[in-house]
Amino acid sequence: MEFYSNGKLFILGEYYVLQGAKVFALPTKFGQYLSVFPIQSKVLSWKSYDADGSVWYNDDIVIADVLSNNQTSTDKVRNTLIDILHQAHQANSTVLSNGGFVVETKLTFPRNWGLGTSSTLINNIAQWFQIDAFQLLDKSFGGSGFDIACAQHNTPVTYQKIDSKVIVQEVLFNPAFKENIYFVYLNQKRDSKDAIANFRKKQKNLTNEIVEVSKMTDDLLTITDLNHFINFFKKYESNLGGILEVPTIQEQLFPDFNGLVKSLGGWGGDFVMVASENDPTEYFKSKGYATIISYNDMIL
């Protein structure tokens, strides 16, 4: 059996999603495969491949350790994997009841890009176990769940989670200026758990902001002009920067750039979204950022 899930980019509503805002995200052309082959022994023989074909994780996990959620290893990846599989088994105990599996995962993007190594894995495991991926995320890795929505949908989506209720809508986002949108990798990965923890430390009463961001998500889908798009996100970034009490990524690293540089997901790492009249490739290469991907090459 083989399963596949899309990667993700969080475009509007990062952090606010944790408070129930309606947000906007894009699934990527990059993602992760998971293949399973039944074997007789009570072992999960697990091998994970990066996009370049190199093996980044290789282990044999005794199924008894999954059933008991045995996380006594010093290997954090192993412990996380056991926890996810244990929670999947709790939801459907039939999959691991008759034997083991050879399991292979294959990323189609470099693991350090932050496009959803964990969310694509969780969604693939949920498909394998035929269980709800949002519930599996809640009981294992945690997070808002927008990335699971991207994993499951091949179009732009709006996403909202209020208490335990998830609302996902496929939406049309195909601006005439999409050839002016790029994604630039900042050469550093940001841990989403750390980003969420930092936000919660600074958390204020955001009732008004949640309403405003939910409205902005709807407004974004109506923008037809590049300059409007740039100014729209500059205002959004400035407001969020005030709440996080940090300068925007454009203020920090690219104050001389003529256009928009917007953080995506946890501020301070992974990809930024860039919008400008002219091709920004040479500008970012001159600053030491060599991974610049066009909208059409990145987004489904």
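Structure's up top.
Residues numbered from 1 in each chain as written. Predicted model: local features only at pLDDT ≥ 70, side-chain atom pairs only at ≥ 80, totals over all residues. Heavy atoms only, no water.

A. Quick peek at the overall build of the chain. Helix and strand content of the chain: 11 helices and 11 strands. Taking 19 Å as the expected radius of gyration for a compact globule of 300 residues, we find that the chain reaches 20 Å, a close match to that expectation. For the chain, the spread of C-alpha atoms along the three principal axes comes to 60 × 40 × 35 Å. Within the chain, the fraction of its 300 residues that count as buried is 53%. The contacts in the chain between residues at least 6 apart in sequence include a share of 69% that link residues at least 24 apart. Surface summary for the chain: the accessible area is close to 13,600 Å², and the carbon and sulfur share equals 47%. For the chain, the distance from the average position of its 26 positive side-chain charges to the average position of its 32 negative side-chain charges is 4 Å. (Helix = DSSP H or I, 4+ residues; strand = E, 2+ residues; numbered from the N terminus. Rg over C-alpha atoms; globule rule 2.2 N^0.38 Å. Buried < 20%, exposed > 50% of the residue type's maximum accessible area, 1.4 Å probe, protein only. Contact = heavy atoms within 4.5 Å. Areas by Shrake-Rupley, 256 points an atom, 1.4 Å probe, with all protein chains shown as cover. Lys, Arg positive; Asp, Glu negative; His and termini not counted. Charge placed at Lys NZ, Arg CZ, Asp CG, Glu CD.)

B. Here's a closer look at the side chain of Asn180. With respect to the helices and strands, the residue Asn180 is situated in the loop between β7 (165–170) and β8 (181–185). Reaching out from Asn180, the side chain makes a polar contact with the backbone oxygen of Glu277 at a distance of 3.3 Å. (Polar contact = N/O pair within 3.5 Å; in protein donor to acceptor, adjacent residues only side chain to side chain.)

C. Region of the structure containing the sheet that holds β8. The sheet built from four strands is open, its strands ordered β9-β10-β8-β11 with antiparallel pairing. Among the strands making up the open sheet, the edge pair consists of β9 (260–263) and β11 (292–294). Going across the sheet, the axis of each strand differs from the next one's by a mean of 30°, ignoring polarity. Relative to β11, β8 is paired through three bridges, and the arrangement is antiparallel. What sits directly across from Phe183, in β11, is Ile293. (Pairing = 2+ DSSP bridges. Axes fitted to C-alpha atoms, helices over the stretch in contact; angles between N-to-C directions.)

D. Expanded view of the pattern of salt bridges. For the structure shown, the criterion picks out nine salt bridges. A salt bridge links Glu104 to Lys106; the nearest nitrogen and oxygen atoms lie 3.9 Å apart. When its relative accessible area of 41% is taken as the criterion, Lys106 is described as partly exposed. Ionic contacts of the salt-bridge type, sharing partners, join the residues Glu14, Glu237 and Lys262 into one network. (Salt bridge = Lys/Arg side-chain N within 4 Å of Asp/Glu carboxyl O.)

E. Local environment of the pairing of β7. Two elements, strand β6 (residues 157–162) and β7, share six bridges in a ladder whose sense is antiparallel. Residue Thr158 lies in a different strand from β7, and its bridge partner there is Gln169. Linking β6 back to β7 in an antiparallel pair, the connection comprises two residues, with Asp163 at a positive phi of about 55°.

F. Inspection of the side chain of His153 at higher detail. Its location among the elements puts His153 in the loop between α5 (146–152) and β6. When its relative accessible area of 18% is taken as the criterion, His153 is described as buried. Among the polar contacts made by the side chain of His153, one reaches the side chain of Glu170 at a distance of 2.9 Å.

G. View of the nonpolar core. If you look at the biggest cluster of nonpolar residues, it comprises 83 residues, and the most contacted ones within it are Ile125, Trp128, Phe183 and Phe229. At nine residues, helix α8 (residues 226–244) tops the list of elements feeding residues into this core. With 13 residues, the next largest nonpolar core counts Ile249, Phe254, Tyr283 and Phe284 among its residues. (Core = buried A, V, L, I, M, F, W, Y, C linked by side-chain atoms within 4.5 Å.)

H. Seen up close, α8. Taking 1.5 Å as the rise per residue, α8 with 19 residues should run 27 Å; its terminal C-alpha atoms sit 27 Å apart, in good agreement. Buried within α8 are the following residues: Leu226, Phe229, Ile230, Phe232, Phe233, Tyr236, Glu237, Leu240, Gly241, Ile243 and Leu244. Looking down the long axis of α8, one finds its buried residues gathered within 165° of arc, a one-sided arrangement. Of the residues in α8, the exposed ones pointing more than 90 degrees away from the buried face are Asn231 and Lys235. A side-chain oxygen of the first residue of α8 lies 3.1 Å from the backbone nitrogen of Asn227; this N-cap is Asp225. At the C-terminal side of α8, Glu245 shows a positive phi close to 60°. (Expected span 1.5 Å × (residues − 1). Arc of directions from axis to C-beta.)

I. Representation of unusual backbone geometry within the structure. Of note in the backbone geometry, Tyr15 takes a positive phi value of approximately 70° without being a glycine. Note on placement: Tyr15 falls in the loop between β1 (2–12) and β2 (23–39). Backbone geometry places Glu245, a non-glycine residue, at a positive phi of 60°. Tracing the chain through its elements places Glu245 in the loop between α8 and α9 (249–253).

J. Main features of the packing of helix α7 (residues 207–220) against α8. It is at 12 Å that the axes of α7 and α8 come closest, and there the two elements cross at 160°. With respect to their mutual orientation, α7 and α8 come out roughly antiparallel. As α7 runs across α8, the sense of the crossing is left-handed. Facing Glu209, Val213, Met216, Asp219 and Leu220 of α7, the residues of α8 in contact are Phe229, Phe232, Phe233, Tyr236 and Ile243. Looking at the contact of α7 with α8 residue by residue, the class counts come to eight nonpolar, no polar and two charged. (Parallel < 35°, antiparallel > 145°, perpendicular 65-115°, else oblique. Left-handed = near helix turned anticlockwise from the far one by under 90°. Nonpolar A, V, L, I, M, F, W, Y, C, P; charged D, E, K, R; others polar.)

Nothing here speaks to function; it is all geometry.
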